Every structure is written in C-alpha cells, then in structure tokens.
Amino acid sequence: MGTMTQTAYDAIIVGGRVAGSALAARLGLYGWRVLLLERDTLPSLPAVSSPIIYASTMHMLDEIGADEAVYARNTPKLRYLVNEALTYTSYVPIPRYANGRDYAYAIDRARFDAALWDNAVRLPNVTGKQGFSVTDLLWDGERVVGITGKTKGGAAETFTADVVIGADGRFGVVARKTGAQERDVHATYTTSIYYAYWRDVTPLDVGACAAAYEGDGRFGYLVMDSADGQVAVAIEGRSDEVDPAGEDTETFYLAMLQRSPKLWARFADAERITSVRGMRDIGNLYRQAGGAGWALVGDAYHQKDPLDGQGIFDAVVTGKALAQALRQWKRGDLTWEEALAAYDETARVKTYPMFKTLQSRIRTNFYDSLAGQLPGQWQQWIAEDPRMTDLVGKMLTRQIPPDMVTVLAPGIMMRAIARGSLREAGKRLRDKLPF
Ligand SMILES: Cc1cc2nc3c(=O)[nH]c(=O)nc-3n(C[C@H](O)[C@H](O)[C@H](O)COP(=O)(O)OP(=O)(O)OC[C@H]3O[C@@H](n4cnc5c(N)ncnc54)[C@H](O)[C@@H]3O)c2cc1C
C-alpha cells in the first residue's frame, strides 16, 4: 500500500472531445476539481467520425448545459433517414423523443466538439489544456495517481488526481499504459469507412440523411446534410471491398463515389472542402472499465462499427454512468471496486444490446447480402411499412431496446408481405375487370 498522495485535482480526464468534455461538465457540476487534457487544438475534426446525432444524445447534453443553438449552429434538422437499397427505398421518419425533438443532426464535429469543450471549461472548477499530449501515467505501487505529458516543444509536466480517466478514444494512452483487458472482440465481419465534407452537392431530399447501398450491398454511401451548407459524404462497406490497397486514399474515395452514376450525378457542381479521412477494419470491442485509480469512457471503453451512428451517444452515456458511480464513491456510499462494477454494469446495460444486434446488422447489410434472399418487391413492401419504419426509428433514437426489433420484426415483415400481396392481387384483378 503506497502513501496517500496529496492531489491537485479530483479527476484528470485525458481526451477532451465528446466523452471527455461531457464527463468533465458533469463532474464539474458536482463541484469536482477537474483537469481536462486534449492533444488537439479545438475546433478541429477528430481523427475519424461522420456526424449523426439523435435526440437521445441531445437530451443528455441538455443535462450538462450544452446549448443546442451553439453545437448545432446553422445545421439543418434532419427529419428522415432515407435508405436506398438495391431493391427498395425506405423513408424512416425520425420519431419524436420524450424531449419533443423529432429530428437528428449531421453535426459538424469540429464545431460540436469545441462547443462541448467550451461548455465544460466555462465551469470555474474545470481547467482545460489543449495541445497537451499525455505521454505516461504516474503510479503509486499498483495505483494510478496522475499523468505526465507536455505541450508541443514544451517540457514534461506532471499532474496528480484521485482518479485518471481515459476519454482518449480507440487507441488511447490510458488503456495502453494500464494494459486494460479487451472483451467482446468482434473482428471477423468488419467494415471500413472513408468520408469528406463537400459543398454544393445536389440535395436528394430536404432534411434527410440518405444512405444508398451499392455493389450487391457490399458497400454503401451515406450523404448527410451538415452545417453551413456542407454535406458529409461517407463510403462504408465490408473491409475487403472498401480498401485502397496501396492506392492513395483520395483517389480511391473519388473512384468509389463514381461507381454509382446516380450518386455521382449529384456532384456535378460539388467541391470537396476537407481531406478524406477514414478507418480500416473498424474495431468492435469493450475494454475493462478501470482499475486502481483509473477508468475508461467513450471509445476508449467501448468502440464499435459506425453503421448505427451511436458512438457519440455511447460516449455521453458511458460518461454519465461513470460520473454517477464516481459520485457515490466520493460520498463513501461505494468502495472503489463497487463503483467501478456499478459503472461497468450500467454502461453495459445501456450499450450492449445495441452492440450485439449491430454485429448481426453488419453481417446482414454487408456480408450476407439480403439481395436475392427475398424477392425485391417483398423487400420494398417491408421497407415502406410504417410499423417497420417506426420500429427502426425508435431503435436508433434509443426509445426501444434493439431486442424488441428482433422479436417484432418477423411478424411485421410477414404482415407487410401479406398486405402487399393482397394489394397486388387486388390491383391485378381490377386491371382485368372490364369496368
Ligand atoms: C468512421 C467513423 C464514423 C462515425 N460516425 C459516427 C456517427 O455518425 N455518429 C456517432 O454518434 N458516432 C460516430 N462514430 C463514432 C464516434 O466518432 C465516436 O464514438 C466518438 O468520437 C467517441 O468519442 P470519444 O470522446 O470517446 O473519442 P474521440 O472522439 O476519439 O476523442 C478522443 C480524444 O482524445 C484525444 N487524445 C488521445 N490521446 C491523447 C493523449 N495521449 N493526450 C491527450 N489527448 C489525447 C484525441 O486527440 C481526441 O481528441 C464514428 C466513428 C468512425 C470511426
């Protein structure tokens, strides 16, 4: 057992984007003295991420005082998810959430992350340092008691705290230095994604996030109306299909867009305004929630394929669960080990069901292409069935557990096919009648 360290902070948070800033604000509102450290300078785009957020996320941002007018400034409200599959098109209306919001945003991540940062550091007891890279952890025996890091070109600095939290993303330093164990790793069916922001893309539909699937469903395009008239355009697909394989990324990305003449036609007057960013073989896993003196949140704790667009929600919700557990620990209601276990359990209850069904959705969407398994017309009937679109919308906005979709979908599909067949038979009959 080491000696007690006199700490300067209650918590040091490594990483100051969604998970870090949202958690810093929550702990700051509890009155904790927080040091929030970020390697990048904000506003800037994160390494990767296309940008869909739903009301479920905005609701939690309300709780920490983040202002929608700021983080979603000049960003159109998206009312539909349009899904153009090979054999059908579906329009999923964004269902109304408890807080009255019936829209999503494809936020500008640079603006969004900076707004969350500003929201955290407006609190007098939250100190933020940007351009500060954490290079190592400080230990007292088995326990993490602080960090070492530096600003670019600066001398090494150390800070101590009761708890060090890794909100430092998929490849974070806290998980690496603590040797955090990985769990629930799904590495067989992976996707890769490349995206950039554009201007003057011909709109498909006002206020829609449109997804179109091509290439026998092995890859697809996501076209999202974002802030200031910008459009985020992503290509996602199975990793062997979306693979620059030595080609430079920008050339590859443009060539992929051109594989869909229908999509490419919308780029006649378009101008690309950011570089192409992306990730290969996107990982799907959980990590150990924490250990003596440390914990992980956001992507550092749980990372997954972006197909459902839930990473930002998960980053905020895991931060909320950790903050609540830490508060109970600080009050003496829970031991450190109990607090970590409570955090892990809540975080998993909130995220695991979606993660589990996501893994099968990746397979169905990109690997076991649905095309050919059901007649095209049946797929269309299912896709346009209002009960089906309602179910999907409620799942994506986290209003129903995804398991409910698994249970209810087959019945809805059968009824949609039955109704469609009846309509079709009726129409054929009417066409034959002489009056
Ligand atoms: C291609 C792609 C598309 C996605 N699309 C969506 C989507 O549409 N909707 C959605 O909700 N989610 C999406 N996600 C997921 C989402 O981007 C992440 O879940 C989210 O960014 C996680 O937030 P975070 O704060 O945990 O990590 P990050 O956003 O990765 O932030 C971690 C921060 O930590 C900092 N950091 C790292 N190491 C250090 C260090 N040593 N010292 C100091 N700072 C450090 C980094 O600079 C970074 O700013 C997507 C992800 C990918 C890969």
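These notes cover the structure that comes with them. This is a predicted model, so every value here is computed, not measured.

1. Some words on the overall build of the protein chain
Within the protein chain one finds twelve helices and 21 strands. Since a compact globule built from 435 residues should have a radius of gyration of about 22 Å, the 23 Å found for the protein chain is in line with a globular shape. When the backbone C-alpha atoms are referred to their principal axes, the protein chain occupies close to 95 × 45 × 40 Å. Taking all 435 residues of the protein chain together, the buried fraction comes to 54%. Put simply, 73% of the contacts in the protein chain that link residues at least 6 apart link residues at least 24 apart. In the form shown here, the protein chain has an accessible surface area of approximately 18,900 Å², with 53% of it arising from carbon and sulfur atoms. Put simply, the protein chain has 50 plus and 52 minus side-chain charges, and the middle of one group is 4 Å from the middle of the other.

2. Concerning the packing of helix α1 (residues 18-29) against helix α4 (residues 109-121)
Contact geometry for α1 and α4: axes closest at 8 Å, N-to-C directions at 25 degrees. Considered as vectors, α1 and α4 are oriented roughly parallel to each other. Viewed along their axes, α1 and α4 form a crossing whose handedness is left-handed. Judged by residue contacts, Val 18, Ser 21, Ala 24 and Ala 25 of α1 engage Arg 109, Phe 112, Asp 113, Leu 116, Trp 117, Asn 119 and Ala 120 from α4. Grouping the constituent residues of the contact of α1 with α4 by class yields seven nonpolar, two polar and two charged.

3. A look at a positive patch on the surface
Taken together, Lys 427, Arg 428, Arg 430 and Lys 432 make up a surface patch of like positive charges. Looking at where Lys 432 falls in the secondary structure, it is placed in helix α12 (residues 402-432). With a relative accessible area of 69%, Lys 432 lands in the exposed category.

4. Re the site of the ligand
Surrounding the ligand, one finds 32 residues, the nearest of these being Arg 17, Glu 38, Ile 193, Asp 299 and Ile 312. Val 18 places a main-chain nitrogen or oxygen 3.4 Å from an oxygen atom of the ligand. Contact distances for the ligand include 2.9 Å between an oxygen atom and a backbone N or O atom of Ala 19. Taken by itself the ligand offers 1,000 Å² of open surface, and the protein chains cover 94% of this. Only α1, β2 (34-38), β8 (132-140) and α8 (311-331) provide two or more residues apiece to the shell around the ligand. The residue inventory of the shell around the ligand, partitioned by class, reads 16 nonpolar, nine polar and seven charged.

5. Overview of helix α10 (residues 376-384)
Among the residues of α10, those classed as buried are Gln 379, Trp 381, Ile 382 and Ala 383. Buried residues belonging to α10 abut β5 (89-93), α11 (386-396) and α12.

6. Some points on the pairing of strand β14 (residues 219-225)
Among the seven residues that make up β14, seven are buried, leaving the element largely enclosed by the rest of the structure. Burial along β14 is two-sided: the residues Phe 219, Tyr 221, Val 223 and Asp 225 and Gly 220, Leu 222 and Met 224 are all buried. Strand direction decides the pairing type here: β14 and strand β15 (residues 230-238), joined by seven bridges, are antiparallel. Paired with Gly 220 across the bridge in β15 is Glu 236.

7. Concerning the pattern of salt bridges
Counted according to the given criterion, the structure contains 32 salt bridges. The residue Glu 250 makes a salt bridge to Arg 272 at a minimum N-O spacing of 2.6 Å. One end of the pair, Glu 250, is in helix α6 (residues 249-258); the other, Arg 272, is in strand β16 (residues 271-272), with 22 residues separating them in the sequence. According to the relative accessible area criterion, Arg 272 is partly exposed, its value standing at 26%.

8. Concerning the packing of aromatic side chains
In this structure the tally under the stated criterion is 18 aromatic pairs. The interplanar angle of 90 degrees and the centroid separation of 5.7 Å between the aromatic rings of Tyr 286 and Tyr 301 together place this pair among those described as edge-to-face. You can see Tyr 286 sitting in strand β18 (residues 285-287) and its partner Tyr 301 sitting in the loop between β20 (294-296) and β21 (302-303), a full 15 residues away along the chain. By relative accessible area, Tyr 301 is classed as buried at 0%. The interplanar angle of 50 degrees and the centroid separation of 6.1 Å between the aromatic rings of Tyr 352 and Phe 355 together place this pair among those described as tilted. Taken together, the positions of Tyr 352 and Phe 355, both in helix α9 (residues 336-367) and three residues apart, correspond to about one turn of that helix. A network of ring pairs unites the aromatic residues Tyr 286, Tyr 301, Tyr 343, Tyr 352 and Phe 355 as a single cluster. Residue placement shows Arg 327 over the ring face of Tyr 30; its charged tip is 4.0 Å from the ring centre.

9. Let's talk about α1
For α1, spanning twelve residues, the distance from its first C-alpha to its last is 17 Å, which sits close to the expected 16 Å at 1.5 Å a residue. Within α1, eleven of the twelve residues are buried, which leaves the element mostly enclosed by the surrounding structure. By the burial criterion, the buried members of α1 are Val 18, Ala 19, Gly 20, Ser 21, Ala 22, Leu 23, Ala 24, Ala 25, Arg 26, Leu 27 and Gly 28. One or two steps after α1, the chain reaches Gly 31, where phi turns positive at roughly 95 degrees.

10. A short note on a nonpolar patch on the surface
Together, Met 404, Val 407 and Leu 408 make up a nonpolar patch on the protein surface, roughly 270 Å² of accessible area in all. The topology assignment puts Met 404 in helix α12.

So, how was this worked out
Numbering of residues starts from 1 in each chain and follows the order in which that chain's sequence is written. Reporting of local features is limited, given that this is a predicted model, to residues whose pLDDT is at least 70; pairs of side-chain atoms are given and counted only at 80 or more, and all residues count toward the totals for whole chains, interfaces and linings. Note: side-chain values were computed over all heavy atoms of the structure, leaving out hydrogens and water. The helix count covers DSSP runs of H or I at least four residues long, the strand count covers runs of E at least two residues long, and both are numbered beginning at the N terminus. Between the two quantities, the radius of gyration covers C-alpha atoms and the globule rule is 2.2 Å times the number of residues to the power 0.38. Residue burial is assigned from relative accessible area. The probe radius is 1.4 Å, only protein chains are included, and a residue is buried under 20% of its type maximum, exposed over 50%, and partly exposed in between. When checking whether two residues touch, look at their non-hydrogen atoms; a contact exists if any pair is within 4.5 Å. Using a 1.4 Å probe, the Shrake-Rupley method yields the accessible areas, and only the shown protein chains count as cover for residues. Counting rule for charge: Lys and Arg are taken as positive, Asp and Glu as negative, and neither His nor the chain ends is counted. One atom stands in for each charge, and that atom is NZ of Lys, CZ of Arg, CG of Asp or CD of Glu. Only the stretch in contact is used when a helix axis is fitted, and all axes are lines through C-alpha atoms; the angle between N-to-C directions ranges over 0 to 180 degrees. Relative orientations are named as follows: roughly parallel for angles under 35 degrees, roughly antiparallel for angles over 145 degrees, roughly perpendicular for angles from 65 to 115 degrees, and oblique for any other angle. Crossings are sorted by hand: turned counterclockwise from the far helix by less than a right angle, the near helix makes the crossing left-handed, and turned clockwise it makes it right-handed. By the convention adopted, Pro, Cys, Tyr, Trp, Phe, Met, Ile, Leu, Val and Ala count as nonpolar, Lys, Arg, Asp and Glu as charged, and the other residues, Gly among them, as polar. In this scheme, patches are assembled from residues that exceed 30% relative accessible area and form no salt bridge. Like charges are connected within 9 Å, while nonpolar side chains (Val, Leu, Ile, Met, Phe, Trp, Tyr) are connected within 5 Å. The rule for a salt bridge is simple: a side-chain nitrogen of Lys or Arg has to be within 4 Å of a carboxyl oxygen of Asp or Glu. Proximity is defined per residue: any heavy atom of the residue falling within 4 Å of a molecule or strand makes that residue near it. By the criterion applied in these results, polar contacts are pairs of N or O atoms within 3.5 Å in which, for protein atoms, one can donate a hydrogen and the other can accept it, and in which residues neighboring in sequence qualify only through two side-chain atoms. For two strands to pair, DSSP has to find at least two bridges joining them. The aromatic pairing rule takes the rings of Phe, Tyr and Trp, using the six-membered ring of Trp, and pairs them if the centres are within 6.5 Å, calling planes under 30 degrees apart stacked, those over 60 edge-to-face and the rest tilted. Distance and angle both matter: a charge sits over a ring if NZ of Lys or CZ of Arg is within 6 Å of the ring centre and within 35 degrees of the ring normal. One less than the residue count of a helix, multiplied by 1.5 Å, gives the span that helix is expected to have.

That's the geometry; what it means functionally is another story.
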